[in-house]
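Chain residues, written in single-letter form:
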Amino acid sequence: MKKVFYYQTPVGKIGIAEEWGFITNLYFMNMKLPLSAKQIETDVIREAFSQLSEYLNGSRQEFDLPLNPSGTDFQQTVWSEILNISYGKTVSYKDIALSVSSEKSVRAVGNACNKNPIPIIIPCHRVVSSAGYTSGYVGGAELKEFLLKLEQDNGEK
């Protein structure tokens with residue numbers, strides 16, 4: 001059974017979900033929660049929130065959590081590649097497409113980013129258009145820009 005717990009954060013209320021000891025979802029307030037989810041705070045959810053809080057206050061650059069996002073094989077491949085993008089760096093959808101498949105899969109990469117069930121932790125906000133545009137983020141362009149600025153301000157010191 002999926003468990004979820006909501007926390008107030010500097011970027012609004014965020015729900016963190018886990019199932020079988022793995023983080024499966026991160027929900028922003030504009031996202032629908034599955035009807036079967038039970039609102040319970042677990043140790044894994046608590047640890048994810050702790051790491052998320054550290055990230056949002058600029059003191060954490062990498063997450064160390066058991067993740068189990070649900071998606072197609074292609075989406076899983078894209079998300080795995082996104083996990084390799086360093087803190088404070090950005091890459092284009094085209095860069096990801098070239099690294100996982102072919103240049104022609106740019107739109108599919110964008111769709112995989114939009115379907116990322118664990119945003120922030122799987123840092124799809126680090127993927128931008130070739131022209132540097134930040135639209136299309138599941139949490140909204142404003143949040144994506146906030147996260148990119150946070151990382152820029154707290155990068156390698």
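As a starting point, this report considers the structure included with it. Since this is a predicted model, take the numbers as computed values, not measurements.

Looking at the pattern of salt bridges
Next, step 1: Counting across every chain of the model gives 5 salt bridges.
Next, step 2: Residue Glu151 pairs with Arg126 through a salt bridge whose shortest N-O separation is 2.8 Å. Taken together, the positions of Glu151 in helix 5 (residues 141–153) and Arg126 in the loop between helix 4 (106–114) and strand 6 (127–128) put the pair 25 residues apart, joining distant regions of the chain. The two residues Glu151 and Arg126 agree in class, both being buried.
Next, step 3: With its nearest N and O atoms 2.7 Å apart, the salt bridge here joins Asp153 to Lys149.

Some points on the packing of aromatic side chains
Next, step 1: Enumeration over the complete set of coordinates arrives at 5 aromatic pairs.
Next, step 2: A centroid spacing of 6.1 Å and a plane angle of 85° characterise the contact between Tyr55 and Tyr87, whose relative ring orientation is edge-to-face. Residue Tyr55 is found in helix 1 (residues 43–56), and its partner Tyr87 is found in the loop between helix 2 (73–82) and strand 5 (91–92); the two are separated by 32 residues along the sequence. In terms of burial, Tyr55 and Tyr87 fall into one category: buried.
Next, step 3: Ring-pair connections join several aromatic residues into one group, and the members of that group are Phe5, Tyr7 and Phe49.

Thoughts on the side chain of Arg60
Next, step 1: With respect to the helices and strands, Arg60 occurs in the loop between helix 1 and helix 2.
Next, step 2: Looking at Arg60, its side chain comes within polar contact range of the side chain of Glu54, at 2.8 Å.
Next, step 3: A polar atom in the side chain of Arg60 sits 2.7 Å from the backbone oxygen of Glu62.
Next, step 4: Here Arg60 is in contact with Gln51, Glu54, Tyr55 and Tyr87, once residues within four sequence places are set aside.

Here is what the cut-offs are and how they apply
Residues numbered from 1 in each chain as written. Predicted model: local features only at pLDDT ≥ 70, side-chain atom pairs only at ≥ 80, totals over all residues. Heavy atoms only, no water. Salt bridge = Lys/Arg side-chain N within 4 Å of Asp/Glu carboxyl O. Helix = DSSP H or I, 4+ residues; strand = E, 2+ residues; numbered from the N terminus. Buried < 20%, exposed > 50% of the residue type's maximum accessible area, 1.4 Å probe, protein only. Phe/Tyr/Trp six-rings, centres within 6.5 Å; stacked < 30°, edge-to-face > 60°. Polar contact = N/O pair within 3.5 Å; in protein donor to acceptor, adjacent residues only side chain to side chain. Contact = heavy atoms within 4.5 Å.

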